[in-house]
Amino acid sequence: MLLLAFDTATPAVTAAVHDGTAVLAETHQVDARRHGELLLPAIDQVLKAAGVDKHALTGIAVGVGPGPYTGLRVGLVTAAALGDALGLPVHGVCTLDAIAFQARAEGLTGEPFTVATDARRKEVYWASYDAEGRRVEGPGVDRPAELTPAARAVGAGALLYPDSFPGGHGPEHVSAGALAGFAAAELAAGRELLPNVPLYLRRPDAQVPAAYKTVLGGKAVLPA
Amino acid sequence: MADEPLVLGIETSCDETGVGIVRGTTLLADAVASSVNDHARFGGVVPEIASRAHLEAMVPTIRRALDTAGVKAADLDGIAVTAGPGLAGALLVGVSAAKAYAWALDKPLYGVNHLASHICVDQLEHGRLPSPTMALLVSGGHSSLLLSEDITTDVRPLGATIDDAAGEAFDKVARVLGLGFPGGPIVDRTAREGDPKAIHFPRGLSGKNDPAFDFSFSGLKTAVARWVEAKRRAGEPVPVADVAASFQEAVTDVLTRKAVKACRENGVDHLMIGGGVAANSRLREMAQQRCDRAGIRLRVPRPGLCTDNGAMVAALGAEMVWRDRAPSSLDLSADSSLPVTDVHVPAAHLEHGHFHDQAYDALGGGEA
Ligand SMILES: [Zn+2]
């Protein structure tokens, strides 16, 4: 197994190469406004660092969110295009699962916990995990005050709202190394990953414009 | 000619996911997936809906274009993509896809200007553009007069709209008349039944001291709305076809008069008309009459190539390869306000900082 993994669902632009056993190389830059510019150079760089030719890859793992849409789509369309051009399968991973995997690798084991990332508009993207690290609730998008998170919580969303997540700590953003590790473990166990489709969780913002405003004032008379 | 460059072009600046494949100046495929019906009930293009649709349609549309052209991705000589101007989030989907294909296939990447592409597309229909060429670009997003010596390096703006684009005025008038969205084709069709001389609507910026090559359609739109409302208030029936025809006459009169004047004053004997509004039948007819009278050769691509499409991007990309222009780098960014003078975005152009911020700011605060 030789996986290229990347994620653009959080402010991090992160890419990694994983051989099924370990991460061979990883890059990580935090710049929430430049996913589009940074991702492809990061992919190119991480393959060089790992000494892996792109034609030797066996699959792509990509974070499918939830996350802010504009950045999220950079990762998904890149994965779809690379998968098509290189003839590789694309495996989707819930970004929150990758953060959970990373938190456990960093020692958060033996108790349930919640992962929360920043969804803007005073909301968080969140999911809850049991003591074995299995997702038991979510992903969802809500105001922090409306949630009853576990005593332990990780992710930028938890750090941003300490009143709602008193036990908040790192990791803050997702790492592609952890995402690759999660995907490799799931694939090795024969489990299906997600399709390469974004977890938007919200309907598109689209307001029907207010009734045609008359220039003479008053109510417009529109023909039926 | 077999040694002419084979280029794939991707266009996602608005609501059409366009992928074209061109060999030199020959069109091989022009695949389009449109989200226009998803926007119709909102009366305009909703950026987030457009971006979502681009993501879904991107790879299937590329596959369809390659199948239609009967070429393999590995045979391409380059990948071109609209880098701007346009909707920031929509552009980003196309630019990201283009980069991924270019990198995966080891092909040069060309981030090109949407407006220059609208001009260059005519090469697919009428052969290489003469030097110089005057271009009148009219669409829902822009109304400009542009002078180009070499479409790969040099596009000089002579004038542009100071308020609404011509296509916007069509949309708004269609709404006032209750005709639906998008307004261009419906107004064109409705106007055929009407009298273009029935109502004299104002010709914007046509006074002696007005800027010669700038346009204004906001006053015209308001004049139409006032006229229609006055009729409705008086309880009289609105002669919809006459209003549509008279409005259309006012728009095309100003556009063609200024375009011909621009040619004359700059000693240019070729006029190219592009953009979605160039599909308007009255504009084409009036431009032909006035160009014939002035001894100017008119070049207008067929309607399908006037609206946004991938073929136009491929056409400019192929010209870039043909003329050996520098490719873009892998950190190419989508620039929602790319100036018309930046025909393409070569690697050296990258002034990091200001325009990236602009592109993202253009997304507004509403984005999740
Ligand atoms: Zn256009």
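Residues numbered from 1 in each chain as written. Chains lettered and ligands numbered in written order. Predicted model: local features only at pLDDT ≥ 70, side-chain atom pairs only at ≥ 80, totals over all residues. Heavy atoms only, no water.

## Re the coordination of the zinc ion
Six octahedral donors around a metal ideally subtend angles of 90 or 180 degrees, whereas four tetrahedral donors ideally subtend 109.5 degrees. All names here are of chain B. Stated formally: In this description, a donor is an N, O or S atom within 2.8 Å of the metal centre, a cutoff extended to 3.2 Å for sodium, potassium and calcium. Water is not part of the atom list, which can make sites seem incomplete. Only DSSP runs of H or I with at least four residues qualify as helices, and only runs of E with at least two residues qualify as strands; both kinds are numbered from the N terminus onward. Accessibility here uses a 1.4 Å probe with only protein chains present; expressed as a share of the type maximum, an area under 20% marks a residue as buried, one over 50% as exposed, and anything in between as partly exposed.
Looking at the zinc ion, the protein donor atoms are H114 (NE2), H118 (NE2) and D308 (OD), and they sit 2.1 to 2.2 Å from it. Written as a sequence motif, the donor residues of the zinc ion are H-x3-H-x189-D. With a gap of 190 residues between them, H118 in helix α4 (residues 114-120) and D308 in the loop between α11 (303-306) and α12 (310-322) connect regions that are remote in the sequence. With respect to burial, H118 and D308 carry one shared label: buried.

## Topic: the packing of helix α6 (residues 166-176) of chain B against helix α9 (residues 240-265) of chain B
Residues and elements named next belong to chain B. The condition is simple: Only the stretch in contact is used when fitting a helix axis, every axis being a line fitted to C-alpha atoms; angles between N-to-C directions are given from 0 to 180 degrees. For classification purposes, an angle smaller than 35 degrees is called roughly parallel, one larger than 145 roughly antiparallel, one from 65 to 115 roughly perpendicular, and anything else oblique. Note on contacts: a residue pair is in contact if any heavy atoms of the two residues lie within 4.5 Å. Each residue receives one of three labels: charged for Asp, Glu, Lys and Arg, nonpolar for Ala, Val, Leu, Ile, Met, Phe, Trp, Tyr, Cys and Pro, and polar for the others, Gly being one of them.
Running from amino to carboxyl end, α6 crosses α9 at an angle of 175°, the nearest separation of the two axes being 11 Å. The orientation of α6 relative to α9 falls into the category roughly antiparallel. Taken together, the residues of α9 that come into contact with α6 (itself represented by A166, A169, F170 and V173) are F247, Q248, V251 and L255. The residue inventory of the contact of α6 with α9, partitioned by class, reads seven nonpolar, one polar and no charged.

## Let's talk about the packing of aromatic side chains
For clarity, the threshold we go by: Stacked, tilted and edge-to-face are the three classes applied to pairs of Phe, Tyr and Trp rings, where Trp contributes its six-membered ring and a pair requires centres within 6.5 Å; stacked means planes under 30 degrees apart, edge-to-face means over 60, and tilted covers the rest.
Tallying each qualifying case throughout the model produces six aromatic pairs over all chains. Ring centres of Y69 of chain A and Y200 of chain A lie 5.0 Å apart, and the angle between their planes is 85°; this geometry places the pair in the edge-to-face category. Here Y69 of chain A is found in helix α2 (residues 69-86), whereas its partner Y200 of chain A is found in the segment after α5 (176-188), with 131 residues between them in sequence. Accessibility assignment for this pair places Y69 of chain A and Y200 of chain A in one class, buried. Taking 5.0 Å as the distance between ring centres and 75° as the angle between the ring planes, the aromatic pair formed by F170 of chain B and F247 of chain B counts as edge-to-face. With F170 of chain B in helix α6 and F247 of chain B in helix α9, this pair connects stretches of sequence that are 77 residues apart.

## A look at the domain arrangement of chain B
All names here are of chain B. Just so we agree on the cut-off: Note that the domain bounds reflect an automated or database-derived domain assignment. Take the accessible area each of two parts loses on contact, using a 1.4 Å probe, and add the two losses: that sum is the buried area. Whenever a carboxyl oxygen of Asp or Glu lies within 4 Å of a side-chain nitrogen of Lys or Arg, that contact is scored as a salt bridge. N or O atoms within 3.5 Å of each other form a polar contact, as long as, within protein, one can give a hydrogen and the other can take it, and as long as residues adjacent in sequence are counted only when both atoms are side-chain atoms.
When its domains are assigned, chain B resolves into domain 1 (6-121 + 309-362) and domain 2 (131-301). Relative placement of domain 1 and domain 2: their C-alpha centres are 27 Å apart. Across the domain 1/domain 2 interface, buried area totals approximately 1,600 Å², and carbon plus sulfur atoms make up 77% of it. Along the contact surface separating domain 1 from domain 2 lie two salt bridges. Measuring nitrogen to oxygen at the nearest pair gives 2.9 Å for the salt bridge that ties D150 to R325. The tally of links between domain 1 and domain 2 comes to two residue pairs in polar contact (both at pLDDT 80 or more). Secondary structure elements with two or more residues in the side of domain 1 that touches domain 2: α1 (36-40), α4 and α12. At six residues, the largest contribution of residues to the side of domain 1 that touches domain 2 is made by α4. Its residues placed into classes, the side of domain 1 that touches domain 2 shows twelve nonpolar, seven polar and three charged.

## Examining the domain arrangement of chain A
Residue and element names in this part refer to chain A. Taken as a whole, chain A is organised into domain 1 (1-108 + 174-224) and domain 2 (109-169). Taking only C-alpha atoms, the centre of domain 1 and the centre of domain 2 are 20 Å apart. Taken together, the 19 residues of domain 1 in the interface contact 25 residues of domain 2. Around 1,800 Å² of area is buried between domain 1 and domain 2 when both sides are counted, 62% of it from carbon and sulfur atoms. Contact with domain 2 buries surface across domain 1, with R104, L108 and R202 losing the most and accounting together for 40% of the total. Viewed at the interface, domain 2 and domain 1 are joined by two salt bridges. E123 serves as the salt-bridge partner of R202, at 2.7 Å between the closest nitrogen and oxygen. The interface formed by domain 1 and domain 2 contains eight residue pairs in polar contact (both at pLDDT 80 or more). Looking at the side of domain 1 that touches domain 2 element by element, the count peaks at six residues for helix α3 (residues 95-105). Of the residues contributing to the side of domain 1 that touches domain 2, the split by class is twelve nonpolar, three polar and four charged.

## Describing the state of the cysteines
All names here are of chain B. Put simply, the rule reads: Only a pair of cysteine sulfur atoms within 2.5 Å qualifies as a disulfide here.
For the structure shown, the criterion picks out zero disulfides over all chains. C306 provides the cysteine sulfur closest to C14, a residue in no disulfide bond, and the two sulfurs are 16 Å apart. Its relative accessible area of 24% is what places C14 among the partly exposed residues. The closest cysteine sulfur to the non-disulfide-bonded C263 is located on C291, 6.3 Å from its own sulfur. Since its relative accessible area comes to 1%, C263 is described here as buried.

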